[in-house]
Amino acid sequence: MDIDPQKMARYVEELGKLGELPDGGMTRFQYDAAWAQAQDLVARWMREAGLRVRRDAVGNVFGRLPGADDSSTILTGSHIDTVPEGGKYDGALGVLAGLAALEALAARGERPRTSLEVVSLCEEESSRYQANFFGSRAMLGLVGPDEPATLKDADGVSMAEAMTAVGLDPSAVATAKRDDIAAFVELHIEQGKVLETAGTDVGVVEVITGLVWEEVVVTGRQDHAGGTPMDARLDAVQAAAEISTAITRHVAEADKAGRVTFGRWDVRPGWPSIVPGEVVFSMDLRHTVAEDLRARADEAHRIAATIAAGRGVEVTFERLKDETPTVMDARLREVLTQAAADRGATSMDLPSGAGHDSQLMGEHVPTAMLFVPSVEGRSHCKEEYTRPEDCVRGASVLATALHRLAF
Ligand code: GLV
Ligand code: MN
Ligand code: MN
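Quick summary incoming for the structure in this document. (Residues numbered from 1 in each chain as written. Chains lettered and ligands numbered in written order. Predicted model: local features only at pLDDT ≥ 70, side-chain atom pairs only at ≥ 80, totals over all residues. Heavy atoms only, no water.)

## Here's the deal with the coordination of the manganese ion (ligand 2)
Ideal geometry at a metal centre gives angles of 109.5 degrees when four donors are arranged tetrahedrally and 90 or 180 degrees when six donors are arranged octahedrally. Around the manganese ion (ligand 2), the protein contributes the donor atoms Asp 90 (OD), Glu 125 (OE), Glu 125 (OE) and His 380 (NE2), at 2.0 to 2.8 Å from the metal centre. Each donor residue of the manganese ion (ligand 2) lies on one chain, and together they are spaced D-x34-E-x254-H. The manganese ion (ligand 3) is placed at 3.6 Å from the manganese ion (ligand 2), the two being bridged by Asp 90. Pair noted here: Asp 90 is in the loop between β3 (69-79) and α3 (92-107) and Glu 125 is in the loop between β4 (114-121) and α4 (134-139), with a separation of 35 residues, a long-range link. (Donors = N, O, S within 2.8 Å, 3.2 Å for Na, K, Ca; no water. Helix = DSSP H or I, 4+ residues; strand = E, 2+ residues; numbered from the N terminus.)

## Focus on the pattern of salt bridges
Under the criterion given, the structure shown has 32 salt bridges. Note that Arg 311 and Glu 242 form a salt bridge whose closest N and O atoms lie 2.7 Å from each other. In this pair, Arg 311 sits in helix α9 (residues 290-311) while Glu 242 sits in helix α8 (residues 236-254), placing the two residues 69 residues apart along the sequence. Taking relative accessible area as the criterion, Glu 242 reaches 35% and is therefore assigned partly exposed. Salt bridges sharing partners connect three or more residues here, namely Arg 64, Asp 70, Glu 117, Arg 178 and Asp 180. (Salt bridge = Lys/Arg side-chain N within 4 Å of Asp/Glu carboxyl O. Buried < 20%, exposed > 50% of the residue type's maximum accessible area, 1.4 Å probe, protein only.)

## Re the state of the cysteines
Evaluation of the coordinates by the stated rule reveals zero disulfides. With no disulfide of its own, Cys 381 lies 15 Å from the sulfur of Cys 391, the closest cysteine sulfur. The class for Cys 381 is buried, based on a relative accessible area of 12%. (Disulfide = S-S within 2.5 Å.)

## So, the site of ligand 1
Near ligand 1 the following residues occur: Glu 124, Glu 125, Arg 286, Ala 354, Gly 355 and His 380. Within the side chain of Glu 125, one N or O atom sits 2.8 Å away from an oxygen atom of ligand 1. Backbone polar atom of Gly 355 to an oxygen atom of ligand 1: 2.6 Å apart, as the coordinates give it. Across the shell around ligand 1, the residue classes tally to one nonpolar, two polar and three charged. (Near = heavy atom within 4 Å. Polar contact = N/O pair within 3.5 Å; in protein donor to acceptor, adjacent residues only side chain to side chain. Nonpolar A, V, L, I, M, F, W, Y, C, P; charged D, E, K, R; others polar.)

## As for helix α1 (residues 5-15)
Those residues of α1 not exposed but buried are Met 8, Tyr 11, Val 12 and Leu 15. One side of α1 holds all its buried residues, which, seen down the axis, span an arc of 90 degrees. As for α1, its buried residues are in contact with α2 (33-48), α3 and α12 (388-406). For α1, the N-terminal cap is Asp 4; the gap from its side-chain oxygen to the backbone nitrogen of Gln 6 is 3.0 Å. (Arc of directions from axis to C-beta. Contact = heavy atoms within 4.5 Å.)

## Details of the pairing of strand β2 (residues 61-65)
In terms of residue burial, β2 counts as a mostly covered element, since five of its five residues are buried. Alternating positions in β2 separate into two faces, Val 61, Gly 63 and Leu 65 on one and Phe 62 and Arg 64 on the other, with burial throughout. In this structure, strand β1 (residues 52-55) lies alongside β2, joined through four bridges in antiparallel fashion. Paired with Arg 52 across the two strands is Arg 64, which belongs to β2. Between β1 and β2, which pair antiparallel in sequence order, lie five residues; one of them, Gly 59, sits at a positive phi of approximately 95 degrees. In this structure, β2 lies alongside β4, joined through five bridges in antiparallel fashion. (Pairing = 2+ DSSP bridges.)

## Section: the coordination of the manganese ion (ligand 3)
Protein coordination of the manganese ion (ligand 3) is provided by His 79 (NE2), Asp 90 (OD) and His 188 (NE2), with donor distances spanning 2.0 to 2.2 Å. Read in sequence order, the donor residues coordinating the manganese ion (ligand 3) give the pattern H-x10-D-x97-H.

## Describing the environment of Glu 206
Here Glu 206 is to be found in strand β6 (residues 202-208). Spatially, the C-alpha atom of Glu 206 lies 52 Å from that of Asp 223, the residues being 17 residues apart in sequence. Other than its neighbours up to four places away in sequence, Glu 206 contacts Thr 326, Val 327, Met 328, Arg 333, Asp 349, Leu 350 and Pro 351.

## Looking at the packing of aromatic side chains
Tallied over the entire structure, the rule returns five aromatic pairs. Relative to Trp 35, the ring of Tyr 31 has its centre 5.0 Å away and its plane inclined at 80 degrees; by these criteria the two rings are edge-to-face. Taking relative accessible area as the criterion, Trp 35 reaches 1% and is therefore assigned buried. Arranged with centres 5.8 Å apart and planes meeting at 55 degrees, the rings of Phe 262 and Phe 281 form a pair that is tilted. Pair noted here: Phe 262 is in the loop between β9 (259-261) and β10 (265-268) and Phe 281 is in strand β12 (residues 278-287), with a separation of 19 residues, a long-range link. The same class applies to Phe 262 as to Phe 281, namely buried. The lysine or arginine in question, Lys 321, covers the ring of Trp 213, its NZ or CZ lying 4.1 Å from the ring centre. (Phe/Tyr/Trp six-rings, centres within 6.5 Å; stacked < 30°, edge-to-face > 60°. Lys NZ or Arg CZ within 6 Å of the ring centre and 35° of its normal.)

And the structure:
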């Protein structure tokens, strides 16, 4: 299963130009211009690789290597969208490694027993819309008919309008549903330092973290910054700062597996001479054990309520995402471990602290994930990097696993 290193490097480099920012970060949002160019480029590369290319109603792009039995499909791939100011590898590498793997398998000229497909999924990050795995949800038939009209981006553009602008028909979303997927195998960058620290080539994911996203609103009282004495303020920023610090301390002290991040802040009205009346901020809370995730969320709410009451402000939480931890399929994990050994690559089992399409797919079809090392564990930033030899090795292990499954 020979992966062409030059071609792999070219794939990464050229795709990494679409949505690249002047300082080197990447912003490629669902249905924006860079996204449309990226899906077109991936479709072209799939065609050049000898795959049958198809685009579904939500803009997922598929490249198919038909099998002798064409009734079921072993699917690989990942997402094409990015977080704001993210990197070139998150999602993209899974698409490109899947493409390179199928290209290598197609080049052998043998027909697989079961059909193989690589997918470039339209959305995973919820960057533009609160879309929650829109690409894989559409494949699984889990998108509501009203979602495209209801979901709005920060500029008030509905998803239906954005879809129309890139030539998709929002009323056709239901047609993206598939019933033929027998397995899903996703390659992804690790986005942590476990592999690098251990000096191990690839990782086989045991479980993908559970995650909740909540919007927190702290309401105090807007006042004059000079006229209001320090002991007469209901300062929403001070309350929010104390709440986020206390929750962070609790999660850090509870165990090593929990994570909490307060990444987005909106201070209102947001002016130097005004005591802030309201703060809206995000809480991203994760744990690989469902009960622990629930316990951390409950405790976060209790901590916030206690601090708010002490300061005379109000606090509310609205849940935007609720994803349960997903255990990966045991047989597919074994296939990945074997495939690594076949390629002479060292492998280890590890959990995923990042969310992935595989966690939703894994609730419906047998699913597994292969991780390749992230340099210094950096991700969701412009420094995100995976060495070319690790990209090639990962694609080669993936190709070997797909060969074991489909031939
Ligand atoms: C997905 O990228 C996540 O935030 O884990
Ligand atoms: Mn990501
Ligand atoms: Mn990702």
